[in-house]
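# Understanding the architecture of this molecule
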Amino acid sequence: MHRLRTCAARLRPLTASQAAQTVGQQRPLTVAGVGGTRTFQPIRCYTAPVASEPFLNGTSSNYVEEMYFAWLENPKSVHKSWDVFFRNANAGAPPGSAYQSPLAMSPAGGVAVPQFSSMVAAQPNVEKLVEDHLAVQSLIRAYQVMGHHNAQLDPLGISCVNFDDAPVNTGFQHVGFYGLEESDLDKVFRLPTTTFIGGSESALPLKEIIRRLEMAYCQHIGVEFMFINDLEQCQWIRQKFETPGVMQFTLEEKRTLLARMVRSTRFEEFLQRKWSSEKRFGLEGCESLIPALKTIIDKSSENGVENVIMGMPHRGRLNVLANVIRKELEQIFCQFDSKLEAADEGSGDVKYHLGMYHRRINRVTDRNITLSLVANPSHLEAVDPVVQGKTKAEQFYCGDSDGKRVMSILLHGDAAFAGQGIVYETFHLSDLPSYTTHGTVHVVVNNQIGFTTDPRMARSSPYPTDVARVVNAPIFHVNADDPEAVMYVCNVAAEWRATFHKDVVVDLVCYRRMGHNEMDEPMFTQPLMYKQIKKQKGVLLKYAEKLIAEGAVSRQEYEEEIAKYDKICEEAYARSKDEKILHIKHWLDSPWPGFFTLDGQPKSMSCPSTGLTEENLTHIGGIASSVPVEDFTIHGGLSRILKGRADMVKKRTVDWALGEYMAFGSLLKEGIHVRLSGQDVERGTFSHRHHVLHDQNVDKRTCIPMNHLSPDQAPYTVCNSSLSEYGVLGFELGFAMASPNALVLWEAQFGDFHNTAQCIIDQFICPGQAKWVRQNGIVLLLPHGMEGMGPEHSSARPERFLQMCNDDPDVMPTITEDFAVRQLYDCNWIVVNCSSPANYFHVIRRQILAPFRKPLIVFTPKSLLRHPEARSSFDEMLPGTHFQRVILEDGVAAERPEEVKRLIFCTGKVYYELTKERKNRGMEGTVAIARMEQLSPFPFDLVKAESERYANADLVWCQEEHKNQGYYDYVKPRIRTTIQRAKPVWYAGRDPAAAPATGNKNTHLVEVRRFLDTAFGLDAFKDQQ
Ligand SMILES: Cc1ncc(C[n+]2csc(CCOP(=O)(O)OP(=O)(O)O)c2C)c(N)n1
Ligand SMILES: [Mg+2]
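Under an unreviewed UniProt entry, the protein has the name 2-oxoglutarate dehydrogenase complex component E1 and belongs to Myripristis murdjan. In the Catalytic activity (unreviewed entry) part of its UniProt record, the protein is described as follows: "N(6)-[(R)-lipoyl]-L-lysyl-[protein] + 2-oxoglutarate + H(+) = N(6)-[(R)-S(8)-succinyldihydrolipoyl]-L-lysyl-[protein] + CO2". A UniProt comment under Sequence similarities (unreviewed entry) is attached to the protein, and it reads "Belongs to the alpha-ketoglutarate dehydrogenase family."

## Here's the deal with the overall build of the protein
Of the regular secondary structure elements, the protein holds 33 helices and 30 strands. Within the protein, residue pairs in contact and separated by at least 24 positions form 79% of the contacts whose partners lie at least 6 positions apart. Only carbon and sulfur atoms are counted for the fraction: they give 51% of the accessible area of the protein, which is about 40,600 Å².

## Focus on the coordination of the magnesium ion (ligand 2)
Summarising the metal site, the magnesium ion (ligand 2) is bound by the protein donors Asp-414 (OD), Asn-447 (OD1) and Ile-449 (O), whose distances to it range over 2.0 Å. Considered as a linear motif, the donors of the magnesium ion (ligand 2) on their single chain read D-x32-N-x1-I. Here Ile-449 lies in the loop between strand S11 (440-446) and helix H15 (455-458) and Asp-414 lies in helix H13 (residues 414-419), a separation of 35 residues in the sequence. A single burial state applies to Asp-414 and to Ile-449, both of which are buried.

## With respect to the pattern of salt bridges
Per the stated rule, a full pass over the model turns up 58 salt bridges. Close ionic contact of Asp-481 with Lys-542 constitutes a salt bridge, the shortest N to O distance being 2.7 Å. Residue Asp-481 is found in the loop between strand S12 (475-479) and helix H16 (483-500), and its partner Lys-542 is found in helix H18 (residues 539-550); the two are separated by 61 residues along the sequence. With relative accessibility at 11%, the residue Asp-481 sits in the buried group. Under the relative-accessibility criterion, Lys-542 is labelled partly exposed at 30%.

## Brief notes about the sheet that holds strand S29 (residues 954-962)
As summarised here, the arrangement of the 5 strands in space is S25-S27-S26-S29-S30, forming an open sheet in which the pairing is mixed. Looking at strand neighbours, the two that pair on one side only are strand S25 (886-887) and strand S30 (985-990), the edges of this open sheet. Here strand S26 (residues 902-906) pairs with strand S27 (residues 927-932) via 5 bridges, running parallel. Bridging from a neighbouring strand, Ile-904 pairs with Ile-929 of S27. Along the sheet face, helix H33 (residues 1001-1016) touches S26, S27, S29 and S30 and points at about 165° away from the line of S30.

## Concerning the confidence of the model for the protein
Here the protein averages 89 in pLDDT, and 88% of its residues register 70 or above. Every residue in residues 1-54 is under pLDDT 50, and counting partners more than four places away or in other chains gives 107 contacts. Note on residues 102-122: pLDDT is under 50 here. Beyond four places in sequence and across chains, it has 33 contacts.

## Points about the site of ligand 1
Close to ligand 1 lie 15 residues; His-314, Arg-315, Ser-378, Asp-414 and Asn-447 are nearest. Within the backbone of Leu-380, one N or O atom sits 3.1 Å away from a nitrogen atom of ligand 1. Ile-449 places a polar main-chain atom, nitrogen or oxygen, 3.0 Å from an oxygen atom of ligand 1. Contact with the protein chains removes 75% of the 590 Å² of surface that ligand 1 exposes when unbound. Here the element with the most residues in the shell around ligand 1 is H13; it accounts for 3 residues. When grouped by side-chain class, the residues that make up the shell around ligand 1 number 5 nonpolar, 8 polar and 2 charged.

## Observations concerning the packing of helix H22 (residues 656-669) against helix H28 (residues 837-849)
Contact geometry of H22 with H28 gives a least axis separation of 8 Å together with a crossing angle of 25°. Judged on the interaxial angle alone, H28 and H22 are roughly parallel. Note that H22 runs across H28; the crossing there is right-handed. Every residue of H28 that contacts H22 at Trp-656, Gly-659, Glu-660, Met-662, Ala-663, Phe-664, Ser-666 and Leu-667 is listed here: Pro-837, Tyr-840, Phe-841, Ile-844, Arg-845 and Ile-848. Its residues assigned to classes, the contact of H22 with H28 comprises 10 nonpolar, 2 polar and 2 charged.

## A look at helix H24 (residues 758-765)
Most of H24 is tucked away, with 7 of its 8 residues classed as buried. Burial in H24 covers these residues: Gln-758, Cys-759, Ile-760, Ile-761, Gln-763, Phe-764 and Ile-765. The inward-facing, buried residues of H24 contact helix H12 (383-397), helix H23 (726-738), helix H25 (768-772), strand S21 (779-783) and helix H26 (798-803).

## Brief notes about the packing of aromatic side chains
Counting across every chain of the model gives 35 aromatic pairs. Summarising the aromatic geometry, the rings of Phe-595 and Phe-596 are spaced 4.9 Å apart at their centres and angled 75° between planes, so their arrangement reads as edge-to-face. Of the residues examined, Phe-595 reaches a relative accessible area of 13% and is grouped as buried. Here the aromatic cluster, defined as three or more aromatic residues joined through ring pairs, consists of Phe-267, Phe-270, Trp-275, Phe-333 and Tyr-573. Looking at Lys-854, its charged tip hangs above the ring of Tyr-825, at a distance of 5.5 Å from the centre.

## A word on the side chain of Glu-747
By secondary structure assignment, the location of Glu-747 is in strand S20 (residues 742-747). Judged by relative accessible area, which is 7%, Glu-747 ranks as buried. Reaching out from Glu-747, the side chain makes a polar contact with the side chain of Arg-689 at a distance of 2.8 Å. When residues no more than four places from it in sequence are discounted, the contact partners of Glu-747 are Leu-676, Ser-677, Gly-678, Gln-679, Val-681, Arg-689 and Leu-781.

## Notes on the sheet that holds strand S19 (residues 716-720)
Ordered by their spatial adjacency, 7 strands build an open sheet running S19-S16-S20-S21-S23-S22-S28, and the pairing between neighbours is mixed. Of all strands in the sheet, those bounded by a partner on one side alone are S19 and strand S28 (934-936). Between one strand and the next, the sheet's axes are offset by a mean angle of 20°, whatever the strand orientation. The sheet contact formed by S21 and strand S23 (residues 856-860) spans 5 bridges and is parallel. Its bridge partner being in S23, Leu-781 is matched across the sheet by Val-858.

## Overview of the side chain of Gln-233
Examined against the element boundaries, Gln-233 turns out to sit in helix H7 (residues 231-242). Setting aside residues no more than four positions away along its own chain, Gln-233 makes contact with Ile-228, Trp-496, Phe-500 and Lys-502.

## Looking at helix H17 (residues 527-535)
Considered for burial, the residues of H17 that qualify are Met-529, Tyr-530 and Ile-533. Buried residues of H17, seen end-on, are gathered within an arc of 90° and therefore sit on one face of the element. Facing away from the buried side of H17, by more than 90 degrees, are the exposed residues Leu-528, Lys-534 and Lys-535.

## Some remarks on the environment of Ile-857
When you line up the elements, Ile-857 lands in strand S23. Setting aside its immediate chain neighbours within four residues, Ile-857 contacts Leu-780, Leu-782, Phe-801, Trp-829, Ile-830, Val-831 and Val-832.

## A word on unusual backbone geometry
Most peptide bonds take the trans form, and the phi angle of most residues other than glycine is negative. For the bond running from Ser-936 to Pro-937, omega is 0°, close enough to zero to count as cis. Looking at the element boundaries, Pro-937 is found in the loop between S28 and helix H31 (940-949). We note that Gln-448 has phi near 65°; this positive angle belongs to a residue other than glycine. Despite not being glycine, His-793 has its phi angle at roughly 75°, a positive value. With respect to the helices and strands, His-793 occurs in the loop between S21 and H26.

## Regarding the pairing of S27
Regular strands place side chains that alternate from one sheet face to the opposite one. When you tally the buried positions in S27, you get 6 out of 6 residues, the bulk of the element. Residues of S27 alternate between two faces, with Val-927, Ile-929 and Arg-931 on one and Ala-928, Ala-930 and Met-932 on the opposite face, all of them buried. Strand direction decides the pairing type here: S25 and S27, joined by 2 bridges, are antiparallel. Its bridge partner lying in S27, Val-886 is registered against Met-932.

## Some thoughts on the environment of Val-168
Here Val-168 shows up in the loop between helix H5 (124-150) and strand S3 (188-190). A relative accessible area of 13% means that Val-168 is categorised as buried.

## Examining the environment of Asn-169
Mapped onto the elements of the fold, Asn-169 is located in the loop between H5 and S3. Assessed through its relative accessible area of 16%, Asn-169 is described here as buried. Taking the C-alpha atoms as reference points, Asn-169 and Ala-142, 27 residues apart in sequence, are found 7.5 Å from one another. When residues no more than four places from it in sequence are discounted, the contact partners of Asn-169 are Leu-139, His-174, Phe-177 and Tyr-178.

Basis of the calculations
- Residues numbered from 1 in each chain as written.
- Chains lettered and ligands numbered in written order.
- Predicted model: local features only at pLDDT ≥ 70, side-chain atom pairs only at ≥ 80, totals over all residues.
- Heavy atoms only, no water.
- UniProt positions renumbered as here; feature names shortened; annotations may be inferred.
- Helix = DSSP H or I, 4+ residues; strand = E, 2+ residues; numbered from the N terminus.
- Contact = heavy atoms within 4.5 Å.
- Areas by Shrake-Rupley, 256 points an atom, 1.4 Å probe, with all protein chains shown as cover.
- Donors = N, O, S within 2.8 Å, 3.2 Å for Na, K, Ca; no water.
- Buried < 20%, exposed > 50% of the residue type's maximum accessible area, 1.4 Å probe, protein only.
- Salt bridge = Lys/Arg side-chain N within 4 Å of Asp/Glu carboxyl O.
- Pairing = 2+ DSSP bridges.
- Axes fitted to C-alpha atoms, helices over the stretch in contact; angles between N-to-C directions.
- pLDDT = per-residue confidence, 0-100.
- Near = heavy atom within 4 Å.
- Polar contact = N/O pair within 3.5 Å; in protein donor to acceptor, adjacent residues only side chain to side chain.
- Nonpolar A, V, L, I, M, F, W, Y, C, P; charged D, E, K, R; others polar.
- Parallel < 35°, antiparallel > 145°, perpendicular 65-115°, else oblique.
- Left-handed = near helix turned anticlockwise from the far one by under 90°.
- Phe/Tyr/Trp six-rings, centres within 6.5 Å; stacked < 30°, edge-to-face > 60°.
- Lys NZ or Arg CZ within 6 Å of the ring centre and 35° of its normal.
- Arc of directions from axis to C-beta.

As structure tokens, this is what we get:
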């Protein structure tokens, strides 16, 4: 619209040659309609002020353009006055003089192009003609913009959508609003090219225009799309909904629809009969969801989609599993049997959270289709970005660069869709190059209630779907009690996705027949709504009666269809009684074929060396310090950085960035896809990484050296993300779900920002395997460290991650040969804080070389990135070397362990402060320092050995974090268990505090001094003994 207004403001006719040129330069729009194909020229821009023509103004320019294009196509198709006007204008008439009154036209009907001097001012009857046409155009537009306000969307007829501030002046009774009169209703008006209501006719009586617009926009479908700022897309939608006769279905289609409604309805009724006191979050009131999804899938399959990944909340989930994904009914029914014994380890999850994966033939298209429903937690909408990430990964691995073969469908509840911010965050990923899934079909089960809360208390926007407008997604509201209308919009939604590869929303306006779950009494809180619902005839019955009345199906056929499905349910129910064991594995949403043995076990219980050959290190180091393309000018500062890297490679050392390069580069060379995503990761928040080089002379020309390692390497994806943690971390988790043969890393800008993604961490990453028996090797890089930068940016909150580790602090495990790997296998996630680049390199490589996948949380450094001592030699990365869970003392103290008075355990950057202090104090012989690089799973074996080695030493845990934060609460009981509580574990660190760090630099330094004094004061704990 904005574009049109701009055009109007700059109105001036062009000369014929200019016009031809302008029109020729722009892409005409072709839309297939019922009456053949129509071609549209895009809006052209004029250049003179609107005031130049007496009868023109900003709103009339649309109409003039319509006339102009029609005239260009065929001068006879417009009124004579327009023909003269355009001829004059093209003959060079100055602004204000191109218009000629009909009186000046030749009486014979031919049009004499007059001399400019003979032109006269506009006559009232022509003005009226123009005005009336403009009025009709405005009326048409009003329907397109606001017709949905008048659509009959609510099956209950109590619509809660409030448009008080936006009155809709459509319908016969409102023609006066547009300056038209009742007498105009029979007049014939030429239709603008922005409407399709004419079908093959180009003019219609006003009465018919209104009737057709009412049919298109004010029945059971409400279309919201006029905010889309793309003419082609608007035209496409108009054509889909306005063309007369579009909503006609074949007999076959109607019968299939009825059969799907039967399944959807009878499934819920069956569950209700068998387990009347079980929660199942039934679909009653929105049974048409099932045919809706099936229609989207059928249409998408027809358009070439082979893989559909779905995410959905509780409502109707079992029904979707049974009737859309086609999980065996007995598998679903046996979930209701609480006596079944679980075959898998872990907590499992309730039946309406589990996922599913199924490959089958689509009966309508006869093509293979894989359907998966991603397992999700109770946290509504949290699964949205996860589904998108998994979809992106599936597209990536099958080379589907434009989303033609893999797509996602997301289902939502009305309250959650409006309320949860993650919906917005996910929408904002939808068009970003490294995150787009090329269009998602969103389906909202809009039952006009959220648990016990009315929409007027749950959102400030008229519709629950308004959030989708931010990405220009069309929104199709539909009365879910009209299954044919539902089927129609779902077809259009799927076609939209296939045509434009952009998001689209289907808003199924329905009701919830029961309470929030089957145990709830809705009359407590929504008495009037539920009185109405009790009176409401079920949609299946209504539709069956319609089809029976039409003669599309007989009552007997309908009853047989019901009996057939009931029998299927009964038989499955009988079979479900034979199930003795519950396999959560059967509910896996992302199987990794070939990665495990047939019974789902790792193929080995060992991890090979994560070291690399010298040659490999040198080669990757060379790429990391070069610009591998010709004629590419990089910034001078970056040249120095690359030169510094080259020097390090020459000296056989690596700093943090180079160590990371070695890890990523080597995996890429081994065919492992690496994807690093997060805010500003390409350069690195701390300007240390520089994985994407920018040509200083050519705009947007970039080079990713990591993609120039070798011709047969796997691709490297490094992508700056949107400023969202919840959305992006969820997305990467989903990406990592798709394949075990990829290293997927998400980096927080600073570690503390992970808390806005807490839901993904708490509900998916930490317990994912326990709940849903699926593994995930995602890596979280969380910059952490007390650098005097204030309460924010200092702490990645290690205490939170450690508190959620599943190893028992009070039980000393049996130490076996494969203890380290077994421990990893048993843990829910791995938490590390590496103090050296080599160890970081190893732990990253171990993620992939291990025979299973576990999430890895890495607290990464900030100042250590450039610390001269935080470097590693190639020797620490050669074949045979491994990740060191604990880096033992290897200085003077280790030579004479019996003389050591204190053994300090620490982790991360504080190690460098401790060694400096020890040196300053000359205590190298009396204090040993061991670095715990892997905090969880806890290295019981190594801590035991190191403690026993320094038998005369007291034990101190030293950390720079506050006492109630950091690692202390996690390590203390575990060290105590390891040494059989023979000694205390003293604490040297900051006092307990509410904030993670002080905002005062001086206080920061005083605190450091204090805890270092404690750490090296051999008498510091005397009073506490
Ligand atoms: C993030 C989150 N907050 C709160 C809840 C608790 N809760 C469960 S269902 C529900 C209402 C959901 O309403 P709606 O999205 O309209 O779905 P419906 O149940 O109506 O299908 C609420 C608040 C939740 N599951 N997730
Ligand atoms: Mg709801």
